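Observations on chain architecture
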Amino acid sequence: MPLDATVPALQARGLTKHFDSVPAVNGISFTVPQGGIVALLGGNGAGKTTTISMLLGLLLPTSGEARVLDHDMATDRFSALPFMNFSSPYVDLPGELTVTENLKVYGRLYGVAALSARIEELAALLQLNEVLKRRVRELSAGQKTRVALAKALINSPRVLVLDEPTASLDPDTGDWVRGVLSNYARTSGAAIFFASHNMLEVERMCDELLIMKAGKIHDQGAPKDLIQKYGRDSLEDVFLHIARGGDEAGQ
Amino acid sequence: MNFTRIYAMALRYLYLLRRSPMRIVELVYWPFMNLAVWGFITVYLRSNTFGITQAAGLFLGAVVLWEILIRSNLGMTVTFVEEFFSRNLGHLFISPLRPHELLVGCMVTSLVRTIVSLLPAILGLVPLFGYSIFDLGAPLIAFYLILSMFGWAFGMFIMAILIRWGLAAEAFAWAAMFAIMPIAGVYYPIAALPGWLQPVAWALPSSYVFEGMRAIVLEGVVRTDYLWRGLALDGVYLALGIAIFQWTFHIARKRGLLLNAS
């Protein structure tokens with residue numbers, strides 16, 4: 001698909017979702033450019049999962065728009081889905097199938113050309129060669145995360161949406177995964193949008209972060225700028241400050 | 001309609017079958033047991049009673065055809081339930097797989113599962129009880145089509161319920177098709193039902209198959225009118241099944257039910 005480089009990878013415009021008149025997401029707007037890495041932060045119930053679900057087209061907004069590569073995900077999601085992918089530790093791949101079988105199934109679902117070569121390429125990138133013939137349910141948490149990433153990269157997506165990409169991983173594996181993702185964004189020009197509770201991860205990976213609170217975007221900016229703006233020592237301090245009801249500059 | 005994606009879905013279930021020999025054993029076990037029991041009942045009735053029970057294969061034919069219906073239906077719904085158990089629906093719903101392609105993928109899987117499930121039992125009837133369902137001749141093809149399509153259409157309705165209520169409705173997914181058994185004329189003619197229930201029975205495509213089978217076995221007559229009516233009703237049920245599934249999918253996107261299912 002020829003793509004205008006100025007078209008945002010992801011865009012929310014006045015995005016709102018009410019469940020039985022209770023607002024879960026309340027009129028948020030933001031843009032993720034192509035090649036950008038943007039993180040979504042927020043406490044439990046802040047609206048992160050609802051926002052991600054609308055961006056994936058799993059959930060219809062009450063009002064506003066969620067757009068991916070300029071396609072409205074409420075009405076035209078199948079134009080965007082072949083060019084995006086998703087990974088979450090809370091959504092599994094079929095455990096009875098081997099790693100190769102899973103990748104073959106998803107490769108075909110995404111219409112990947114030269115699928116065997118792509119699987120070999122990903123196996124090398126994500127160090128999966130030794131587990132390709134093993135059933136997914138037999139793998140360790142770290143191996144499962146790498147397999148989930150292989151599935152998420154199978155179609156060389158232009159937009160990658162991740163939910164807590166390093167949850168339940170040890171620091172070493174988590175660091176390695178962050179390196180792979182940053183490298184993928186840099187070399188492919190893909191946009192990455194991810195939700196995380198890991199402040200170090202956010203600081204290290206993203207160009208910009210959005211902090212959600214009670215369904216709204218409380219603040220946004222580059223990690224360093226936000227740390228400076230709130231007069232704190234780390235992003236974790238900024239997060240705690242906002243979560244506990246503080247305002248800018250420590251007020 | 002993208003056939004590569006439909007093939008991918010079928011492949012996913014074929015891999016699962018290949019990786020799980022116990023699933024194949026279970027697939028073959030129940031139809032075989034059911035047919036064996038009815039085979040022995042038929043042998044007993046043949047030697048002790050008169051009348052229509054003497055007609056070779058009346059009950060065995062009914063059981064085989066019922067199994068085709070139930071296996072086609074379960075092949076569809078159990079396939080979908082597998083996705084709930086493997087917590088894989090989220091990945092499927094955000095892939096380019098369209099809802100109608102998911103349905104066709106489940107149908108293809110159901111077809112394979114039904115053949116794997118029934119063929120050993122059907123072939124086993126020949127040496128064990130001297131009965132071959134293939135003696136019904138060419139109408140068997142139409143019977144198979146009518147029953148499969150009805151099983152699929154009913155399966156779509158159950159899949160919609162699963163999307164709406166999740167695994168809380170799992171027991172329903174297994175048992176729902178059995179609800180029509182008393183009125184489908186499987187072992188007795190529709191005429192045996194109370195008058196007010198007969199129109200309901202005739203509204204089911206399966207009723208035309210079982211009555212059609214009895215017409216062949218007892219009278220040696222092929223009721224093509226039954227076949228056409230069964231097929232026409234299938235068209236209606238399939239259209240309804242697809243519409244209900246698509247509508248539920250839309251409602252699920254609106255209410256966030258796909259998140260729970262995922």
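Scope of this entry: the structure provided in the associated data block.

1. Concerning the overall build of chain B
Of regular secondary structure, chain B possesses 11 helices and 0 strands. Starting at the N terminus and walking to the C terminus, you meet the elements of chain B as α-α-α-α-α-α-α-α-α-α-α. Relative to the globule expectation of 18 Å for 262 residues, the C-alpha radius of gyration of chain B, 19 Å, shows essentially globular dimensions. Expressed as a percentage of its 262 residues, the buried residues of chain B come to 43%.

2. Remarks on the packing of helix α6 (residues 139-165) of chain B against helix α9 (residues 205-219) of chain B
Residues and elements named next belong to chain B. Between α6 and α9, the shortest axis-to-axis distance is 9 Å and the interhelical angle comes to 160°. The angle between the axes of α6 and α9 places the two elements in the roughly antiparallel class. When the axes of α6 and α9 are compared, the crossing they make is left-handed. Across from Pro-139, Phe-143, Ile-146, Leu-147 and Phe-150 in α6, the residues of α9 making contact are Pro-205, Ser-206, Tyr-208, Val-209, Gly-212, Met-213 and Ile-216.

3. Observations concerning the environment of Gln198(B)
Residues and elements named next belong to chain B. With respect to the helices and strands, the residue Gln-198 is situated in helix α8 (residues 198-202). When the 17 C-beta atoms within 10 Å are taken as the criterion, Gln-198 is described as partly exposed. Note: C-alpha distance between Gln-198 and Trp-247 (49 residues apart in sequence) is 30 Å. Not counting chain neighbours up to four residues away, the residues in contact with Gln-198 comprise Ile-190 and Leu-193.

4. Overview of the interface of chain A and chain B
Between chain A and chain B, the residue contacts involve 27 residues of the former and 27 residues of the latter. Elements that contribute at least two residues to the side of chain A that touches chain B include exactly α1 (48-56) and α3 (99-109) of chain A. If one sorts the elements of the side of chain A that touches chain B by residue count, α3(A) sits on top with 5 residues. Tallied by class, residues from the side of chain A that touches chain B come to 17 nonpolar, 5 polar and 5 charged.

5. Focus: the nonpolar core
Among the nonpolar cores identified, the biggest contains 149 residues, and Val159(A), Val161(A), Ile192(A) and Leu65(B) are the most heavily contacted of them. Per element, the largest residue contribution to this core is 15 residues, and it comes from α6(B). Aside from chain neighbours lying at most four places away, what touches Ile192(A) is Ile37(A), Leu160(A), Leu162(A), Leu181(A) and Ala185(A).

6. Things to note about α9(B)
All names here are of chain B. Taking 1.5 Å per residue as the helical rise, α9 with its 15 residues ought to reach 21 Å, and the 21 Å between its terminal C-alpha atoms agrees with that figure. Of all the positions in α9, only Pro-205, Ser-206, Ser-207, Tyr-208, Val-209, Phe-210, Gly-212, Met-213, Arg-214 and Val-217 are classed as buried. Tucked inside the fold, the buried residues of α9 contact α3 (58-85), α6, α8 and α10 (224-255). Phi turns positive, to about 70°, at Gly-220, one or two residues after α9.

7. Let's talk about the sheet that holds strand β9 (residues 208-213) of chain A
Backbone hydrogen bonds are what pair the strands of a sheet, in a parallel or an antiparallel way. Residues and elements named next belong to chain A. Spatially, β6-β7-β8-β3-β9-β10 is the arrangement adopted by the 6 strands of the open sheet, whose pairing is mixed. Two strands in the sheet have a free side with no partner beyond their single neighbour: β6 (84-87) and β10 (216-221). Within the sheet, the average angular offset between the axes of one strand and its neighbour, ignoring direction, is 15°. Here strand β3 (residues 37-42) pairs with β9 via 5 bridges, running parallel. Bridging across to β9, Leu-41 finds its partner in Ile-211.

8. Some points on the environment of Glu82(B)
Residue and element names in this part refer to chain B. Along the chain, Glu-82 falls in helix α3. With 17 C-beta atoms counted inside 10 Å, the residue Glu-82 sits in the partly exposed group. Taking the C-alpha atoms as reference points, Glu-82 and Leu-16, separated by 66 residues in sequence, lie 9.8 Å from one another.

9. Focus: the pairing of strand β2 (residues 22-32) of chain A
Residue and element names in this part refer to chain A. The sheet contact formed by strand β1 (residues 10-19) and β2 spans 7 bridges and is antiparallel. If you follow Gln-11 over to β2, its bridge partner there is Thr-31. Counting the residues between successive antiparallel strands, the hairpin from β1 to β2 contains 2 residues, one of them, Asp-20, with a positive phi of roughly 50°.

Conventions and cut-offs
Residues numbered from 1 in each chain as written. Chains lettered and ligands numbered in written order. Predicted model: local features only at pLDDT ≥ 70, side-chain atom pairs only at ≥ 80, totals over all residues. Helix = DSSP H or I, 4+ residues; strand = E, 2+ residues; numbered from the N terminus. Rg over C-alpha atoms; globule rule 2.2 N^0.38 Å. Buried ≥ 20, exposed ≤ 12 C-beta atoms within 10 Å, placed from the backbone. Axes fitted to C-alpha atoms, helices over the stretch in contact; angles between N-to-C directions. Parallel < 35°, antiparallel > 145°, perpendicular 65-115°, else oblique. Left-handed = near helix turned anticlockwise from the far one by under 90°. Contact = placed C-beta atoms within 7 Å. Nonpolar A, V, L, I, M, F, W, Y, C, P; charged D, E, K, R; others polar. Core = buried A, V, L, I, M, F, W, Y, C linked by C-beta atoms within 7 Å. Expected span 1.5 Å × (residues − 1). Pairing = 2+ DSSP bridges.

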